[in-house]
Amino acid sequence: MPEASHIPDRLQATLGLDEPVSRVRLVSPARAKALEKLGIRTVRGLITHFPRRYIDLSARETAASARIGESCTIEGVIHDVKLKRPKPRLTLVEIGVTDSTGVVIVTAFRQPWLAEQLSAGMRVAIAGKIEFNYGFKRMVNPQILPLEGSDAPAHGLVIPVHPAGEKVTPALMRRFVSNALELAEGVLDPMPLELRVKYRLVSRQVAFRAIHFPESLAEAHEARRRLAYEEVLLLELHLMQQGAARSRGHVPTAHEIAGPRMQALDAAIPFTLTDEQQQARLDILGEMAQPHAMNRMLLGDVGTGKTVVAAFAIAAAADTGGQALLLAPTEVLAQQHERSLGKLFDAAGITHAVLTGSTSESERAELLSRLAAGSLDVLIGTHALLEDDVRPSNLTLAVIDEQQRFGVAQRAKLLAKGDAPDALFLTATPIPRTLALALFGNLTLTYLKHRPHDAARRTTRVLAKSERGYAYDAAREALGRGEQVYVVCPLVGKDTQERDAMAGEGAAASREEPDGGGYHPTVAIEDDADLEHDDVAAATREAEMLQGSTFFDWRVELLHGGLPSSEKQQVMQRFHDNETQVLVATTVIEVGVDVPNATVMIVEDADRFGLSQLHQLRGRVGRGEKPAQVFLVSASKQDVALERLRAMETCDDGFELARIDLSLRREGDILGNRQSGASVLKLVNVVRDGGLIEAAHADARELLENDPDLDAADHAALGREVRLLLGATRAGEGG
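Residues numbered from 1 in each chain as written. Predicted model: local features only at pLDDT ≥ 70, side-chain atom pairs only at ≥ 80, totals over all residues. Heavy atoms only, no water.

Draft legend 1. Broad picture of the sheet that holds strand E8 (residues 143–146). What the seven strands build is an open sheet, ordered E6-E7-E4-E3-E2-E5-E8; its pairing is mixed. A strand with exactly one partner marks an edge of an open sheet, and here the two such strands are strand E6 (131–133) and E8. Direction aside, neighbouring strands of the sheet carry axes that sit 40 degrees apart on average. Looking at chain direction, strand E5 (residues 123–129) and E8 are connected through four bridges and run antiparallel. Counterpart to Ile126 in the pairing with E8 is Ile144. (Pairing = 2+ DSSP bridges. Helix = DSSP H or I, 4+ residues; strand = E, 2+ residues; numbered from the N terminus. Axes fitted to C-alpha atoms, helices over the stretch in contact; angles between N-to-C directions.)

Structure, rendered in C-alpha cells:
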C-alpha cells in the first residue's frame, strides 16, 4: 500500500518529461531559445541530451607519463593563451598547459572564444590524443575542462562532456541536465519487468542519472546499455505497429502461387535460378499465400537478380486475378524494367505497360482505362503512378524499386491504391542486417548476396594521383576494342571544402566521433540535383578537357544532377546505344541501368565517397560478358582513407563493405536520406550494438503477438512511450 501513495507523484514526474524546457531551473526564455537551436525543447529533450564522452579524472596521466599516440587526461595549470590567424578565414587558439612534470601544447581550431574564456593561472583538465611535433607533446582540439570557479564540475571524478553550443557552454549544459533530473525523480519505468530481469537492466531513473553523472565508467556503461536497449525496443514496437496498421480494417489477399502464369514464367526464364534466388522466391510467395498483408524488403547486391524474383510475385498477383504496380525512381529504370521483363511477361501471358511523365496523353488515357477495367495485369512506371487518376481495379501487389528513393508519404500513397496490397520493396543499397532492422523493423528481410555471374571478371585498383595515367591508358585500350568508359567526378560543395581546409591545418585527424554514434546517413548517391554551380563548372571543364585531349578520338558527354530529367534520359540513352563512348558523370549514374559494353570506370578523388557508394558505382561496369576494370584515384595522404579504399581491391561483397564503412565512418554514405526512425537512435551504434538490435527486434515481435495495442495494464507506460515516439517521428518526416 505505501507504494500506491507515490503513484500520483510518479505520474506527475513522467508527464513532466514532456513539458517545455523552460520548466527546468535556470532555463530563462533566452536560454530556452538557445537550447531550441540544439534541438532541445522539452524536459525529456534535455535529459536525453546524452554525453558524447567522459573525462575520467580518476585515471590521469602527467605531461611526462602521457604516451605518444594514446588518448589520456592531464590535469594542469594554463601558462599562456594565444589567439592566432594563420589564414584569413582560419583561427586557432594555442594554450600552454603545465604540471610538475612538463608542458603540453593545446591547439584548438576554429574556437576563438576560448581565448576569452581561458586565462593564465586557471587549473584545467585536458582530454585527447597525445601527438609530438616541433619539440613538444601536443593535443589538437581536446576537451578542456575548468576545475575551479563557476565552470568547475560538481559531480565526482567522471565528468560528462555534453554536446554544447555557442550560448550554452558544457558547464552550463551540465547544470541544466542536473536540474532536469530533479524534475524526473520518481519517473515511471516503461520497461516490462520481465525484460528488465531478463537482461539485468537498471531502472530508467537510475539510468538517466548514471549516464549523465556516473561514479565510474562501468556505471555509465550499464546506464547506456539500458537506455540503448530501450531506444531500439521503442523504435521496433513503433515500426511494427505502423506496419500492422496498414491492413487494419481491410481484407488482404491470399495469393495463388502455383497458377498457370507462374508455371509459364518459370518455363520462360532462360536460366536456372540460383539456390539463393529460389529460396527468396519461396519465402516471398509463401508469405503472399497467407491472408495478411506482406511487408517485405528484398535486399540484393548489384547483379543478384532481384527483378527476376520480383517477377514471380507479379505472376502470383496475375494468377489470383489481381494487379501489380511496379514503381521505379526514374524513367530510364522504368523503361529498362519493361525491356528486361516484357518478354518474360509476354511468354507467361501477363499483360503489361509503362507509364511515365513522357507518356502521351492519348496513350496515358488508354493505359489508365485498361488498368481501371482490370485488363492490365502490371503497370510499370515512375512517380506518374502516384497520380490520383491512376486507379487499379484490384491492386494486390505493389513493388517499389530502390525504395529509399521515395519518401514515406509516396510509398503510402502507392499502397493506398489497393485494399491492403502485399508490398515488396527492392533495394540494391547494401544495408547490413542490424542496420536494416533499426531502419525497417516492420519489414521482413530477404537477402540476395551472391551474383549468378562471377564478379571476378571485374578488378578494382587503388591509384595515387600520380599514377592516374595507368587508368587512362586502360580506358583508351578499352575504347580501342570498341568498349565504353565511365569517368566519375565527386561533388565538392562547401562542406567538403571546409573539411579540406581544416585537414590542411592538421585538424582533420583530430575530429571526434560521439561515443553513442547513431547512424546518420548523408548525401543521396544517385541524386545530386542540388549540387552547386561550382561543381557543375568543374565537371564541365573535366569533360571538355578529356574530349580535347585524352579521348579526342571518341565522343565524350557529361551527366550531372542539374540536367532536366528528359535530358538526363537522352544522355543515358545515347551512352546505352554506344553513340557516346565516354560518360563523365557526377554520382547521378542510375542504379540498375545496364550498359553491358561499359568495361572501365575511373573514379576521381575516390576517398570522398563512401565504400557502399563506390561499390554501387562500380556495379555499372562488368554487366556483360567482358572483363571490367575499376580505378579508384586518390590524392589523400591519410593512411585511414587509403586503407578504407584498399578494402575495395579485395572485397566484392557490398554488405561486408557497408559494415566496414559503418565501423570506420558511422554515417557510411549507405542511405541517401534519413529513413523512418533513424534519428531517434541517439545511443545505438549499428555495428557495435548488433546483438542488442536483434534482441530488441525479437522482444518487440513477441510483445505485440501477445498484446498488439500495448493496452494491457503492465504495458500501458510502454504503449504511451511508443505513441510519443510516433508523434515525434511524424513531426520529423520530410516526405
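Draft legend 2. Local environment of the packing of helix H9 (residues 260–268) against helix H12 (residues 331–348). Contact pair H9 / H12: the axes reach a minimum separation of 8 Å and the direction vectors enclose 130 degrees. Taken together, the axes of H9 and H12 lie oblique to each other. For the crossing formed where H9 meets H12, the hand is right-handed. Side by side, H9 and H12 meet where Arg261, Ala264, Leu265 and Ala268 of the first sit next to Leu344, Ala347 and Ala348 of the second. (Parallel < 35°, antiparallel > 145°, perpendicular 65-115°, else oblique. Left-handed = near helix turned anticlockwise from the far one by under 90°. Contact = heavy atoms within 4.5 Å.)

Draft legend 3. Local environment of a negative patch on the surface. Side chains of Glu194, Glu702, Glu705 and Asp714 sit close together on the surface and give a patch of like negative charge. According to the relative accessible area criterion, Glu194 is partly exposed, its value standing at 44%. (Patch = residues over 30% accessible without salt bridge, like charges linked within 9 Å, V, L, I, M, F, W, Y side chains within 5 Å. Areas by Shrake-Rupley, 256 points an atom, 1.4 Å probe, with all protein chains shown as cover. Salt bridge = Lys/Arg side-chain N within 4 Å of Asp/Glu carboxyl O. Lys, Arg positive; Asp, Glu negative; His and termini not counted. Charge placed at Lys NZ, Arg CZ, Asp CG, Glu CD. Buried < 20%, exposed > 50% of the residue type's maximum accessible area, 1.4 Å probe, protein only.)

Draft legend 4. Representation of the packing of aromatic side chains within the structure. Going through the model one piece at a time under the given rule, you end up with four aromatic pairs. Ring geometry for Tyr199 versus Tyr229: centroids 5.1 Å apart, planes at 50 degrees, classification tilted. Remark: Tyr229 occurs in helix H8 (residues 217–245) and Tyr199 occurs in helix H6 (residues 193–199); sequence separation between them is 30 residues. Given the relative accessible area of 4%, Tyr229 is considered buried. (Phe/Tyr/Trp six-rings, centres within 6.5 Å; stacked < 30°, edge-to-face > 60°.)

Draft legend 5. How the structure looks around the side chain of Glu402. Summarising the element assignment, Glu402 is placed in the loop between strand E14 (395–401) and helix H14 (408–415). Nearest to the buried, unbridged Glu402 among oppositely charged side chains is Lys306, at 5.3 Å. Only 2.8 Å separates the side chain of Glu402 from the backbone nitrogen of Ala428, close enough to count as a polar contact. (Polar contact = N/O pair within 3.5 Å; in protein donor to acceptor, adjacent residues only side chain to side chain.)

Draft legend 6. The sheet that holds strand E22 (residues 628–634), seen in detail. The sheet built from six strands is open, its strands ordered E17-E22-E21-E18-E20-E19 with parallel pairing. The open sheet has two edge strands with one neighbour each: strand E17 (458–464) and strand E19 (556–559). Put simply, the sheet's adjacent strands are angled 20 degrees from each other on average, direction ignored. Here four bridges tie strand E18 (residues 484–488) to strand E20 (residues 582–585), and the two strands are oriented parallel to one another. Bridge pairing links Tyr486 to Leu583 in E20. Strands E18, E19, E20 and strand E21 (598–603) of the sheet are contacted by helix H19 (residues 565–576), whose axis makes an angle of about 145 degrees with E19.

Draft legend 7. Structural view of the pattern of salt bridges. The full count for this structure, using the stated rule, is 38 salt bridges. Through salt bridges with shared partners, a single ionic network connects Asp18, Arg44, Asp189, Arg196, Arg204, Arg226, Glu230, Arg720 and Glu721.

Draft legend 8. Here's a closer look at helix H13 (residues 361–373). A rise of 1.5 Å per residue sets the reference length of H13, with its 13 residues, at 18 Å; its end C-alpha atoms lie 18 Å apart and thus fit the reference within 8%. Every buried residue belonging to H13 is among Arg364, Leu367, Leu368 and Leu371, and all of these are buried. The buried residues of H13 occupy an angular sector of 95 degrees when projected down its axis, which confines them to one face. Along H13, exposed side chains directed more than 90 degrees from the buried face belong to Ser362 and Ala373. (Expected span 1.5 Å × (residues − 1). Arc of directions from axis to C-beta.)

Draft legend 9. Quick look at the confidence of the model for the chain. Predicted confidence across the chain gives a mean pLDDT of 84, with 87% of residues reaching 70 or more. Confidence drops under pLDDT 50 across residues 666–678; counting only partners more than four residues distant or on other chains, this segment forms 56 contacts. (pLDDT = per-residue confidence, 0-100.)

Draft legend 10. Examining the side chain of Thr427 more closely. Assignment of secondary structure puts Thr427 in strand E15 (residues 422–427). Since its relative accessible area comes to 0%, Thr427 is described here as buried. Polar contacts involving the side chain of Thr427 include one to the main-chain amide nitrogen of Thr429, which spans 3.0 Å. Once you skip the residues sitting within four places of it in the chain, Thr427 turns out to touch Met297, Leu298, Leu299, Gly300, Lys306, Glu402 and Gln404.

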